[in-house]
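Fold and geometry: a report
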Amino acid sequence: MDRLKGKSAIITGAAEGIGHAIAAAMAREGAHVFLSDIADESGEHFAAKLRAAGHAADYVHCDVSKEADIVNLIATAVGKTGHLDVMVNNAAIAIGGMPVHEMTDEQWHRLIAVNLTSVFRGCKYALPHMIAQKSGSIINMASAQGHIGLDGWTAYAGAKGAVMAMTRQMAVEFGPLNIRFNSISPGTINTPMNDKLIKEIGGNLAKAWVKMHPLGRIGEPSEVAEAAVYLASDAAGFTTGTDLRVDGGLTAAPRYVPDLL
Ligand SMILES: NC(=O)c1ccc[n+]([C@@H]2O[C@H](COP(=O)([O-])OP(=O)(O)OC[C@H]3O[C@@H](n4cnc5c(N)ncnc54)[C@H](O)[C@@H]3O)[C@@H](O)[C@H]2O)c1
C-alpha cells in the first residue's frame, strides 16, 4: 500500500468500468484522486464513498470531447493540490459493429473526438504542469483492438492505434524531462461498455469473447487498475514508451471464433 502516497492523479471516465477501478485502486494507494466523467450523479456518489472510506477524492464534471472541460479538470486538480503527477486518459466510447462503409461521418467524428482528440488534449494540458515540476506519468488507455483486427471496429481500432503511437512519440520527446508516457491495452473486460454491447449485438458474443482469450475468461476492471497503479508509481520509474497488454493472452494467440457470433 501507499504506492502512490502524495501523488495527485486525474482519471477520466471514472464513474464506471475500468476508470472506476483505477480511481479506487489509486485512492487506496494514497493518491489524491480527481475523478471525472459525464455521469455526474454516479461520479459524485463514488467520490463521496471514497472520502467516507478515508481517501482523498474529488469529482469534477468533464466531457472529454470538450476542450474547456479538460482545461477546467486539470486546473481544478492543480488548484487543489498544487501539482499533477498522474494523468489517466481513460474515457472512451464504443461505436462499431458495422462495416466501415456503413459508418457515418457523424459517428466517425464523435468517436475520434471522445477517443482520440481527448487524449491529445489530456496530454497537452497536463504537460505544462509536469514540465514545470520535471516529473509525471501519463497513462493512455488503448486496446487489444489497436493490435489485432476484428470485423466492424475500424474506427475504434484506428483511434486506439493512434493513442499508442502518440504515447510512444511523447515518451521520446518528454523523457529528458522525466515525464513518462505509457499505454495499456486491455483485452475484453467485464464493464458496462461490454454489457451494453452484449445487449445490442446478442448472439453468442459473450461466449465468443471467453473463447478468444487463452486464459479462458474475460478480465476484471481491477486487473487493469493494477497495471495503471504500477505505471503511475515510482516502481515504474524506468518504464516509458511501452504498451502494457492486460489481455489474457488475446493478442498473443488470436482465437477468432466468428461462428459463435
Ligand atoms: N471494456 C473493455 O473490454 C475494454 C477493452 C479495451 C479497451 N477498453 C478501453 O478502456 C477504457 C474504459 O472502458 P470501459 O469498458 O470501462 O468503458 P465503460 O463504458 O464501461 O465506462 C466508460 C466511462 O466513461 C464515461 N464516458 C463516456 N463518454 C464520456 C465523455 N465524453 N467524457 C467523459 N466520460 C465519458 C462513461 O460515463 C463511463 O463512466 C476505454 O478507453 C475503452 O476503450 C475497454
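Calculation rules
- Residues numbered from 1 in each chain as written.
- Predicted model: local features only at pLDDT ≥ 70, side-chain atom pairs only at ≥ 80, totals over all residues.
- Heavy atoms only, no water.
- Helix = DSSP H or I, 4+ residues; strand = E, 2+ residues; numbered from the N terminus.
- Rg over C-alpha atoms; globule rule 2.2 N^0.38 Å.
- Buried < 20%, exposed > 50% of the residue type's maximum accessible area, 1.4 Å probe, protein only.
- Contact = heavy atoms within 4.5 Å.
- Areas by Shrake-Rupley, 256 points an atom, 1.4 Å probe, with all protein chains shown as cover.
- Lys, Arg positive; Asp, Glu negative; His and termini not counted.
- Charge placed at Lys NZ, Arg CZ, Asp CG, Glu CD.
- Axes fitted to C-alpha atoms, helices over the stretch in contact; angles between N-to-C directions.
- Parallel < 35°, antiparallel > 145°, perpendicular 65-115°, else oblique.
- Nonpolar A, V, L, I, M, F, W, Y, C, P; charged D, E, K, R; others polar.
- Pairing = 2+ DSSP bridges.
- 1 Å grid on protein atoms, 1.4 Å probe; cavity = no way out; pocket = protein on both sides within 12 Å on 5 of 7 lines; lining within 4 Å.
- Points joined across faces, edges and corners; volume = space filled by probe spheres on them.
- Near = heavy atom within 4 Å.
- Polar contact = N/O pair within 3.5 Å; in protein donor to acceptor, adjacent residues only side chain to side chain.
- Sits in = over half its atoms within 2 Å of the grid points.
- Right-handed = clockwise from strand over helix to strand, strands pointing away.
- Core = buried A, V, L, I, M, F, W, Y, C linked by side-chain atoms within 4.5 Å.

Attention now moves to the overall build of the chain. When helices and strands are counted, the chain shows 8 helices and 7 strands. Here the chain has a C-alpha radius of gyration of 18 Å; the compact-globule value for 261 residues is 18 Å, and the two agree. The dimensions of the chain, computed from C-alpha atoms along their principal axes, are 55 × 40 × 35 Å. Across the 261 residues in the chain, those meeting the buried criterion constitute 51%. In the chain, 72% of the contacts between residues at least 6 apart in sequence involve partners at least 24 apart. Split by element, the accessible area of the chain, about 11,800 Å² in all, is 56% carbon and sulfur. Charged side chains in the chain number 22 positive and 26 negative. The centres of these two groups are separated by 4 Å.

On to the packing of helix α6 (residues 192-201) against helix α7 (residues 205-212), then. Put simply, α6 and α7 touch, their axes get as near as 9 Å, and they point 125 degrees apart. Between α6 and α7, the crossing angle belongs to the class labelled oblique. Of the residues in α7, those touching α6 at N194, L197, I198 and I201 are L205, A206 and W209. The residue makeup of the contact of α6 with α7, split by class, is 6 nonpolar, 1 polar and no charged.

Sheet architecture is open: 7 strands sit in the order β3-β2-β1-β4-β5-β6-β7, paired in parallel fashion. Two strands close off the open sheet at either side, each with one partner strand: β3 (57-61) and β7 (243-246). Shown here is a sheet whose adjacent strand axes are inclined to one another by a mean of 20 degrees, direction ignored. In this structure, strand β6 (residues 179-186) lies alongside β7, joined through 4 bridges in parallel fashion. Paired with P186 across the bridge in β7 is V246. Strand contacts of helix α2 (residues 40-52): β2 (32-37) and β3, with the helix running at about 170 degrees to β3, the strand carrying the most contacts. The strands touched by helix α5 (residues 154-174) are β5 (136-141), β6 and β7; relative to β6, the strand with the most contacts, the crossing angle is about 160 degrees.

Right, let's get into the layout of surface pockets. Its volume calculated, the largest pocket comes out at about 1,300 Å³. Forming the boundary of the largest pocket are 47 residues, of which A92, I93, A94, M193 and N194 lie nearest the centre. Secondary structure elements with two or more residues in the lining of the largest pocket: α1 (17-28), α4 (105-133), α5, α6 and α7. Here the residues of the lining of the largest pocket are counted per class, giving 28 nonpolar, 11 polar and 8 charged. In this structure, the second largest pocket occupies an estimated 160 Å³ of space. In terms of residue class, the lining of the second largest pocket is built from 2 nonpolar, 5 polar and 4 charged.

Of all residues adjacent to the ligand, which total 29 residues, the nearest are D37, N90, Y156, T191 and N194. Within the contact set of the ligand, an oxygen atom lies 3.0 Å away from a backbone nitrogen or oxygen of M193. In isolation the ligand exposes 830 Å². Once the protein is present, 92% of that is buried. Among the detected pockets, the ligand sits in the largest pocket.

All right, on to the pairing of β5 then. By the criterion of burial, β5 is predominantly enclosed, with 6 of the 6 residues buried. Going residue by residue along β5, you find G136, I138 and N140 tucked away on one face and S137, I139 and M141 tucked away on the opposite face as well. Where strand β4 (residues 86-89) meets β5, 4 bridges bridge the pair, whose relative direction is parallel. In the sheet register, M87 faces β5, and the bridge partner there is I138. Between β4 and its parallel partner β5, the chain crosses via α4, and the hand of that crossover is right-handed. Taken together, β5, α5 and β6 form a β-α-β motif whose crossover is right-handed.

A general tendency of soluble globular proteins is for nonpolar side chains to be buried together. In terms of nonpolar packing, the biggest core is built from 47 residues, with I10, I74, L84, M87, L111, I138 and F181 touching the most fellow members. At the level of secondary structure, the elements contributing two or more residues to this core comprise α3 (67-81), α4, α5, β6 and α7. The biggest single contributor to this core is α4, with 9 residues. Look past the residues within four positions of I74 in its chain and what remains in contact with it is I10, L84, M87, G122, Y125, A126 and H129. Formed by 34 residues, the second largest nonpolar core is a distinct cluster that contains I22, A23, L50 and A232.

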